[in-house]
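Structure assessment
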Amino acid sequence: VSTQSTGIKQGAEGRIYETTFMGRPCLAKVRFKKAYRHPILDEKLTQRRLTQECRSIQKGRALGVRTPTVYFVDQNSSTIYLEYLRDSIVLKDFIDQQSDGVVTVCEAVGRELGKLHSGDLIHGDLTTSNILIMTDGTPVIIDFGLSTTSALVEDKGVDLYVLEKAFLSTHPSCEELLEAIWVGYRKSYSLHKKIFVKLDEIRLRGRKRSMVG
Amino acid sequence: TRLLKWLQLELHPSKHVHYTVFREVTNAPSLLSLIKSGKCASLLLDESNIVSPFHLGVAINKALSAEASGKMKSRSVMTEIVLCLSLVNGISQSLNTFGLKPDTTGIIAVTLGESEEEVQRQVDELRGQVKGTVIAEDDSFGYVEREVCRVYGVTKEEQLVDSLEGAVVIKIATKI
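Notes on the structure in this doc start here. (Residues numbered from 1 in each chain as written. Chains lettered and ligands numbered in written order. Predicted model: local features only at pLDDT ≥ 70, side-chain atom pairs only at ≥ 80, totals over all residues. Heavy atoms only, no water.)

By size, the foremost hydrophobic cluster in this structure holds 44 residues, and its most contacted members are Leu45(B), Leu56(B), Ile60(B), Ile81(B), Val110(B) and Leu112(B). Per-element accounting of this core gives the leading share, seven residues, to helix H2 (residues 53-68) of chain B. Once you skip the residues sitting within four places of it in the chain, Ile81(B) turns out to touch Leu43(B), Ala59(B), Ile60(B), Ala63(B), Val110(B) and Leu112(B). Within the second largest apolar cluster, 41 residues are counted, among which are Val70(A), Leu126(A), Cys174(A) and Trp182(A). (Core = buried A, V, L, I, M, F, W, Y, C linked by side-chain atoms within 4.5 Å. Buried < 20%, exposed > 50% of the residue type's maximum accessible area, 1.4 Å probe, protein only. Helix = DSSP H or I, 4+ residues; strand = E, 2+ residues; numbered from the N terminus. Contact = heavy atoms within 4.5 Å.)

Next comes the structure, spelled out in structure tokens:
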């Protein structure tokens, strides 16, 4: 990562720097080396995560979902250089600001999620911070670091459950917005019925839920 | 003549990268023999499959990084750039797609150097070798959309999601 970058975020997996790529705004996601792991294992795991993330971003686009484009993947430093979409705000902020057309936007978000699931792409970390809204209202899905491929109804149900939990805790009393997301999801994923049945099941399972009875 | 088409590659600050656009080229066959005899220091590419300077830069960046880490798949940086532009790993096939053909009329020439003077010298030499018009102004490349989509496997859906450039760049960047 060049010296002109500024660190802007740090997660459990790594750090994100804001930089430029051929003059364009760019985000460099650098994955940490986990010292507590065996070095060879750590190397292999990090590389696999890296390739999975790239493959998933690509797959998302093939399914018609807007994602940031990738500029460069540096396997030596486990860094991904991605397009930094500056004309956008995080869905979380969009909702908090009570912007106009928030229901329509949420429905559009749901439609994108439906596209992902109809292509068996599981995001793995759906929160309102991992969805960007561009100035023209187009949703952009970001952070495919925990993404996997699965045809299982269970996995898709869990993907939505993660979003539901995150959504309702970050935006309490916004149930109608979450419902709008589901409306959009149904419109683009024909097999949604099975998923929502499973989602009901998963809700009953959940944390602090008794499996007795 | 001042060189204007520099590519700024932040990850390779010591390298000077310049591209020159030639149109209405008439001596492609003799340029091909020039290349074969190793007398051409720049990389000559057919214009049809390169969408933009950014597209070109992403491939060059990848090639320079491979060179810097000793992980090139080909013998020289120039052939590595061709490999990086391509989605296949074979150098022959990649050259077939991106390199010059006897009937090529639009050329994008890539010149690398450790200093601006070195690049200037090579570009001056290049201008003597290529019989065609140098396009100095606008930066739009004369690519053939249908061809680019075929070469890079870009579907209509992918094109709607983002620009053609974005679709192509991600495929180059994520190719192992």
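A few words on the pairing of strand S2 (residues 16-23) of chain B. Residue and element names in this part refer to chain B. Of all eight residues making up S2, six are buried, and the element is well covered by its neighbours. One ladder, built from two bridges, connects strand S1 (residues 6-7) with S2; its direction is antiparallel. Paired with Leu7 across the two strands is Val17, which belongs to S2. Pairing geometry for S2 and strand S4 (residues 107-113), over seven bridges, is antiparallel. By the bridge assignment, Val17 is partnered in S4 with Leu112. In this structure, S2 lies alongside strand S5 (residues 133-135), joined through three bridges in antiparallel fashion. For Arg23, the partnering residue across the bridge sits in S5 and is Thr133. (Pairing = 2+ DSSP bridges.)

Residue and element names in this part refer to chain A. Counting buried residues along strand S5 (residues 79-83), five of its five residues qualify, which places the element largely inside the surrounding structure. Pairing analysis gives five bridges linking strand S3 (residues 24-31) to S5, with the strands arranged antiparallel. The residue bridging Val30 from the neighbouring strand is Thr79, located in S5. Relative to S5, strand S4 (residues 70-74) runs antiparallel, the two sharing four bridges. Opposite Val70, over in S5, you have Leu82 as the bridge partner. If you look at the hairpin formed by S4 and S5, you'll find four residues sitting between the two strands, and Ser78 has a positive phi there, around 50°.

Our focus in this paragraph is the interface of chain A and chain B. Taken together, the 27 residues of chain A in the interface contact 27 residues of chain B. For the pair chain A and chain B, the summed buried area comes to about 2,200 Å², and 61% of that belongs to carbon and sulfur atoms. At the boundary of chain A and chain B, one finds three salt bridges. Linking Glu165(B) and Arg24(A) is a salt bridge whose minimum nitrogen-to-oxygen distance equals 2.8 Å. The interface formed by chain A and chain B includes eight residue pairs in polar contact (both at pLDDT 80 or more). Per element, the largest residue contribution to the side of chain A that touches chain B is six residues, and it comes from helix H1 (residues 39-62) of chain A. Here the residues of the side of chain A that touches chain B are counted per class, giving 13 nonpolar, ten polar and four charged. (Buried area = accessible area lost by both parts, 1.4 Å probe. Salt bridge = Lys/Arg side-chain N within 4 Å of Asp/Glu carboxyl O. Polar contact = N/O pair within 3.5 Å; in protein donor to acceptor, adjacent residues only side chain to side chain. Nonpolar A, V, L, I, M, F, W, Y, C, P; charged D, E, K, R; others polar.)

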